[in-house]
Amino acid sequence: MSDLVAIVYPSEVKAEEVRQKILKLQSEYLITISDAVIAVKTGDAVKLNQLVNTTMTGAASGSFWGLLLGMVFLNPLLGVALGAGAGALSGALTDFGIRDQFMKDLASKVKSGDAVLFLLIKSMTSDKVLNAIKDAGGIVLTTSLDEKKEQHLRDALAAATQAKAA
């Protein structure tokens, strides 16, 4: 079962820095994530910065299949165009990992300019991951962790945030 963690950072740059640390930790087999999305609130709008651009992936896949189908019917250019369009549309309608509407609803509750890092974690070595990201600070918005683990995460991030403020 996966755990959801949402941490608020004062800027998109800070959230991206932490996401890159998480991805580095994943390459070291200390954490396994299904999704890592940054939601940035600007005014009343919330923009999602996802790891996987499903629209582009769908367009590329659709172009390939459209080309093959177009070659069968002796019109590869039309096949590529139709395939890319259909693939982009299906990719845009695909929701991968954490539900987009859930992230937008939660991120709309933070102040403008803040960024929320959403992580869908399959497994992790908690102590090593927490040591790697605690210096960045942040405020835990919500988690699906058990109470003990959540409190440990909140305390570690709060200590770093207070140290920066002092």
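Residues numbered from 1 in each chain as written. Predicted model: local features only at pLDDT ≥ 70, side-chain atom pairs only at ≥ 80, totals over all residues. Heavy atoms only, no water.

Looking at an unreviewed UniProt entry, one finds the chain named DUF1269 domain-containing protein, with Bradyrhizobium brasilense as its source organism.

1. Remarks on the overall build of the chain
Counting its regular elements, the chain contains six helices and five strands. Tracing the chain from N to C terminus, the helices and strands come up as β-α-β-β-α-α-α-β-α-β-α. The buried share among the 166 residues of the chain stands at 37%. Taking the contacts inside the chain whose residues are at least 6 apart along the sequence as the reference set, 73% of them involve residues at least 24 apart. Here the chain has roughly 9700 Å² of accessible surface; of this, 62% comes from carbon and sulfur atoms. (Helix = DSSP H or I, 4+ residues; strand = E, 2+ residues; numbered from the N terminus. Buried < 20%, exposed > 50% of the residue type's maximum accessible area, 1.4 Å probe, protein only. Contact = heavy atoms within 4.5 Å. Areas by Shrake-Rupley, 256 points an atom, 1.4 Å probe, with all protein chains shown as cover.)

2. Quick look at the layout of surface pockets
Of the pockets and cavities examined, the largest pocket occupies roughly 230 Å³. Around the largest pocket, the lining comprises 15 residues; the ones closest to its centre are Met-124, Ser-126, Leu-130, Leu-145 and Leu-153. Counting only elements with at least two residues in the lining of the largest pocket, the list comes to β1 (3–9), β4 (115–124), α5 (126–133) and α6 (147–165). Broken down by class, the residue content of the lining of the largest pocket amounts to 11 nonpolar, two polar and two charged. By volume, the second largest pocket amounts to about 170 Å³. Breaking the lining of the second largest pocket down by element, the ones donating at least two residues are β1 and α6. Along the lines of polarity and charge, the residues of the lining of the second largest pocket split into five nonpolar, three polar and four charged. (1 Å grid on protein atoms, 1.4 Å probe; cavity = no way out; pocket = protein on both sides within 12 Å on 5 of 7 lines; lining within 4 Å. Points joined across faces, edges and corners; volume = space filled by probe spheres on them. Nonpolar A, V, L, I, M, F, W, Y, C, P; charged D, E, K, R; others polar.)

3. A few points about the nonpolar core
Grouped together as the largest cluster of nonpolar side chains are 26 residues, with contacts concentrated most on Tyr-9, Val-18, Ile-22, Ile-31 and Leu-153. Broken down by secondary-structure element, the contributors of at least two residues to this core are β1, α1 (12–27), β2 (31–42), β4, α5 and α6. Considering each element in turn, this core owes the most residues, five residues, to β2. Not counting residues within four places of it along the chain, the set of residues in contact with Val-18 comprises Tyr-9, Leu-117, Ile-133 and Ala-136. The next biggest cluster of nonpolar side chains, apart from the first, holds 15 residues, and it includes Val-37, Ala-39, Leu-106 and Leu-120. (Core = buried A, V, L, I, M, F, W, Y, C linked by side-chain atoms within 4.5 Å.)

4. Some details on the pairing of strand β3 (residues 45–49)
Only one face of β3 is covered, namely the face carrying Val-46 and Leu-48; the face carrying Ala-45, Lys-47 and Asn-49 is uncovered. Where β2 lies against β3, five bridges are found, and the strand directions are antiparallel. Of the residues in β3, the one forming a bridge with Ile-38 is Asn-49. Counting the residues between successive antiparallel strands, the hairpin from β2 to β3 contains two residues, one of them, Gly-43, with a positive phi of roughly 65°. (Pairing = 2+ DSSP bridges.)

5. So, the sheet that holds β3
On the basis of which strands lie adjacent, the open sheet formed by five strands has the order β3-β2-β4-β1-β5 and antiparallel pairing. The two strands at the open ends of the sheet, each matched to only one other strand, are β3 and β5 (139–143). Going across the sheet, the axis of each strand differs from the next one's by a mean of 25°, ignoring polarity. Where β1 lies against β5, four bridges are found, and the strand directions are antiparallel. If you follow Ala-6 over to β5, its bridge partner there is Thr-142. (Axes fitted to C-alpha atoms, helices over the stretch in contact; angles between N-to-C directions.)

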